[in-house]
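Fold and geometry: a report
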Amino acid sequence: MDIKKIRRDFPALWKKWNGKYPVYFDNACMTLKPTLVIDAMNEYYTEYPVCGGRSIHKMAKKVDEKVTESREKFRTFLGASCPEEIIFTKNTTEGLNLVSNAMDLKKDDVVLTTDREHNSNLVPWQVQAYKRGIKHIIVHSNPDNTFDLDSFSGLFDRNKVRLVSMVHTANLDGYTIPAKEIIKIAHDHGALVMLDGAQSAPHKHVDVKALDVDFFALSVHKMAGPTGMGVLYGKHHLLEELAPYIVGGDTVSDTTYEGAKFLPPPEKFEAGLQNYGGIIGSGAAVDYINSVGMSNIEKHEKRLNTIITRGIKDFPGLKIIGPAEPSLRGGIISFTVELPKGGDAHDIALILDETENIEVRSGAFCVHSWFNYRKCEAAVRASLYLYNTEEEAHKFIDVLEKTIGLFSP
Ligand SMILES: Cc1ncc(COP(=O)(O)O)c(C=O)c1O
């Protein structure tokens, strides 16, 4: 990987703040955008900024052509069987909500999640428990936050599990669950599986067919793409079975005063005029990632994670969340701090930013449930991507050490 060249592709890395370049380590929240993506969107907004799917004039046809191209790019990116299995959404949250609302879940149907879900794969099930009386059961992790396959498989003997909906790679600590084994066990017991791929799809090769996963949701803004864009993959026959969710224009082929004739997937789920600039930019994001190579990205992040983990693991008062082994945590290093002279996760994040423009996340990362269960308030998270460098990793270690020193005797 030619990091220097890659960095030239991301204009946000060239802008100085208070005279210094940013060290952007908040990629699990949102990644920066390369010029390829910005240019693709600019082309839409300057040359053919019109609707797709409806009108038959030249500009509209161009939009349709570009949307079809983007859908095909995601089909290949995820290894789906056909483009109709790719639904454009605005983010992972929308994809997860779509399935939780559109699946014919009934009272006492069981949905399993992990104990480390982002609120976007937790609250939808709590709402379904309230609305439809489903049972939401949490599979607790091993003490080091790895997946407890035995306790997971044991749950099928005692419960009517309809769906397993789990975070593939956790934004909490970067750990990836053994999805293939989980899916096999679930399918053997007649349950479907949905993966929250918000943190896996941008960082590792995902092949939905090889995994045999039923639904897979991702956010394109976490993979070098435009903000407000996501994708939901679903096996075609399952998408056909899902009820429509958000309905209206473009979801139907015909209506009368009495009823409507729904279109097949994906149109059935893409209601109203779409974020065409975003869809086109999303296709460009796939091109960009492919040009770098997913396995290169994964290796690069693990290398940087190893440097950072080795550098900070013995800092007094600091505790890394998740497995000790950095290669099991992809590009994420989260840690809690308990310092003799006070100073919490937010103080650390603020000082890193104010002194050296090191931009990390602090708080509960939308995984409040995990923190509340452990009576812990907040942590710091550094999350890496393809443009981060070894130099930045060393800088982070040095500045973090100095920052922690401010709160130590
Ligand atoms: C694991 C995980 N799931 C779901 C989400 C929700 O993503 P979005 O806000 O793009 O819908 C995030 C966002 O940080 C995430 O990290």
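Residues numbered from 1 in each chain as written. Predicted model: local features only at pLDDT ≥ 70, side-chain atom pairs only at ≥ 80, totals over all residues.

Right, let's talk about the pairing of strand S15 (residues 379-383) for a bit. The element S15 is largely enclosed, with a buried count of five among its five residues. Covered by surrounding structure in S15 are Ala 379, Arg 381 and Ser 383 together with Val 380 and Ala 382, the residues of both alternating faces. Where strand S14 (residues 361-363) and S15 come together, three bridges link them in antiparallel fashion. Bridge assignment links Arg 361 to a residue of S15, and that residue is Arg 381. (Buried ≥ 20, exposed ≤ 12 C-beta atoms within 10 Å, placed from the backbone. Helix = DSSP H or I, 4+ residues; strand = E, 2+ residues; numbered from the N terminus. Pairing = 2+ DSSP bridges.)

Around the ligand there are 13 residues in total, and Asn 91, Thr 93, Asn 171, Ala 198 and Ser 219 lie nearest to it. Of the residues belonging to the shell around the ligand, the class tally is four nonpolar, eight polar and one charged. (Near = placed C-beta within 6 Å. Nonpolar A, V, L, I, M, F, W, Y, C, P; charged D, E, K, R; others polar.)

Turning our eyes to something else, we now look at the sheet that holds strand S5 (residues 161-167). Strand order in this open sheet of seven strands is S2-S8-S7-S6-S5-S3-S4, and the pairing throughout is mixed. Among the strands making up the open sheet, the edge pair consists of strand S2 (86-89) and strand S4 (135-139). Mean inter-strand twist for the sheet, computed between neighbouring axes without regard to direction, equals 20°. Sheet topology note: the strand S6 (residues 192-196)/strand S7 (residues 215-219) ladder contains three bridges and is parallel. The residue of S7 that forms the bridge with Met 194 is Phe 215. (Axes fitted to C-alpha atoms, helices over the stretch in contact; angles between N-to-C directions.)

If you trace the four strands from one edge of the open sheet to the other, you get S11-S12-S15-S14, paired in antiparallel fashion. Of all strands in the sheet, those with a lone pairing partner are strand S11 (318-320) and S14, marking the two edges. If you compare each strand with its neighbour and ignore which way they point, the axes differ by 25° on average. Pairing of S11 with strand S12 (residues 332-337) involves three bridges; the strand directions are antiparallel. Of the residues in S12, the one forming a bridge with Leu 318 is Val 337. Contacts between helix H11 (residues 294-312) and the sheet are confined to S11, S12 and S15, with S12 contributing the most and set at about 20° to the helix. (Contact = placed C-beta atoms within 7 Å.)

So, about the domain arrangement of the protein chain. How big an interface is tends to be expressed through the accessible area that disappears when the partners come together. By domain assignment, the protein chain separates into domain 1 (3-27 + 294-406) and domain 2 (48-291). Summarising the inter-unit geometry, the C-alpha centres of domain 1 and domain 2 are found 28 Å apart. Each partner contributes residues to the interface: domain 1 has 20 residues there, and domain 2 has 20 residues. Looking at the side of domain 1 that touches domain 2, the elements that each hand over two or more residues are H11, S12 and helix H13 (368-373). Partitioning the side of domain 1 that touches domain 2 into residue classes produces ten nonpolar, seven polar and three charged. (Domains from an automatic or database assignment.)

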